Amino acid sequence: AWTWRHFDSLPFPHSGWGLGLEVGGGTTLGAERVPYARSHGKALWLLPLGASGMRLALRGELGAVSTRDAANIPSTQLFVAGGEHSVRGYAPGSIGVVGTSGIATAGRYLSVGSMEWLVPIRVQQRATEWDALLFLDAGAVANQPSELRAQKGAGLGARWRSPVGPLEIDLARALDTGRWRLHLSV
């Protein structure tokens, strides 16, 4: 696993970028041990929009598991999406490969993207420790790249730069189902 960060400050950056890459491998479970390779990458780019403190956050995530026999790959090595830091508006792990029972399970390929517009909250012309934001997320999980179909979520939220780290509060609507969901994260 490798992580590269180039942000103006931590833990509350306003500009910069970060990349993360994981590469690994193993063998499938069962009587016949078939090798597989797993790769997972994440990127975040923070773009300041003028001197007002507004910024755009662009986030992307890709994952793939390659093998000739995917039947016995451990589910912990596969991918699901949904929830905080993924596709808001959906429950964590609810975006996956939908089986005949209608239940989403983990899949071999992952694609997630997000765009946030963050605006500092000011009181009497003074900056506070709060930001407001609008966002659009999209993500898909499938067993074949050609089967990736994005599910989208959009909403609004707030960020508080608290003494213990960032507090994130988001109200999101799953655009494919019409359901609303509240997401909280520290």
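Since we're looking at a predicted model, the values are computed, not measured.

Student: Talk me through the packing of aromatic side chains; I want residue IDs and the actual numbers.
Tutor: Throughout the structure, instances matching the rule amount to one aromatic pair. A centroid spacing of 5.8 Å and a plane angle of 10° characterise the contact between W130 and W160, whose relative ring orientation is stacked. You can see W130 sitting in strand 8 (residues 126-142) and its partner W160 sitting in strand 9 (residues 151-162), a full 30 residues away along the chain. Judged by its relative accessible area of 31%, W130 is partly exposed. Lying across the ring of F135, R88 places its NZ or CZ 3.7 Å from the centre.

Student: An account of the environment of A154 is needed here, citing residue identities and associated values.
Tutor: Tracing the chain through its elements places A154 in strand 9. Along the backbone, A154 and H14 are 140 residues apart, and their C-alpha atoms lie at a distance of 22 Å. The contacts of A154, once residues within four sequence positions are left out, are F135, L136, L171, A172, R173 and L175.

Student: How would you explain the sheet that holds strand 4 (residues 55-66) if you had to name every residue and give the values?
Tutor: Spatially, the nine strands line up as an open sheet ordered 1-2-3-4-7-8-9-10-11, and their pairing is antiparallel. The open sheet has two edge strands with one neighbour each: strand 1 (2-7) and strand 11 (180-185). On average, adjacent strands in this sheet sit at an angle of 15° to one another, irrespective of strand direction. Sheet analysis places strand 8 next to strand 9, joined by 10 bridges and oriented antiparallel. Considered in strand 9, the bridge of A132 is made with A158.

Student: Help me get a handle on a nonpolar patch on the surface, residues and values and all.
Tutor: On the surface, L49, W117, L134, L156, L171, W180, L182 and L184 cluster together to form a nonpolar patch covering roughly 810 Å² of accessible area. Considering each element in turn, the nonpolar patch owes the most residues, three residues, to strand 11. Among the residues examined, L134 registers a relative accessible area of 45% and is labelled partly exposed.

Student: Give me the nonpolar core: which residues, what numbers.
Tutor: One finds V65, A81, I95 and L110 to be the most contacted residues of the largest nonpolar core, which totals 13 residues. Those residues in contact with V65 that lie beyond four places of it in its chain are Y36, A37, R38, I73, Q77, L78, F79, R108 and Y109. One finds F7, L133, F135 and A172 within the second-largest nonpolar core, a separate group that totals seven residues.

Student: Break down the pairing of strand 9 for me, with residues and values.
Tutor: Pairing of strand 9 with strand 10 (residues 165-174), which is carried by 10 bridges, proceeds in the antiparallel orientation. If you follow A158 over to strand 10, its bridge partner there is I169. Between strand 9 and strand 10, which follow one another and run antiparallel, lie two residues.

Student: Break down the environment of F12 for me, with residues and values.
Tutor: Within the secondary structure layout, F12 lies in the loop between strand 1 and strand 2 (16-27). C-alpha separation for the pair F12 and Q151, spaced 139 residues apart in sequence, amounts to 29 Å.

What counts as what
Residues numbered from 1 in each chain as written. Predicted model: local features only at pLDDT ≥ 70, side-chain atom pairs only at ≥ 80, totals over all residues. Heavy atoms only, no water. Phe/Tyr/Trp six-rings, centres within 6.5 Å; stacked < 30°, edge-to-face > 60°. Helix = DSSP H or I, 4+ residues; strand = E, 2+ residues; numbered from the N terminus. Buried < 20%, exposed > 50% of the residue type's maximum accessible area, 1.4 Å probe, protein only. Lys NZ or Arg CZ within 6 Å of the ring centre and 35° of its normal. Contact = heavy atoms within 4.5 Å. Pairing = 2+ DSSP bridges. Axes fitted to C-alpha atoms, helices over the stretch in contact; angles between N-to-C directions. Patch = residues over 30% accessible without salt bridge, like charges linked within 9 Å, V, L, I, M, F, W, Y side chains within 5 Å. Areas by Shrake-Rupley, 256 points an atom, 1.4 Å probe, with all protein chains shown as cover. Salt bridge = Lys/Arg side-chain N within 4 Å of Asp/Glu carboxyl O. Core = buried A, V, L, I, M, F, W, Y, C linked by side-chain atoms within 4.5 Å.

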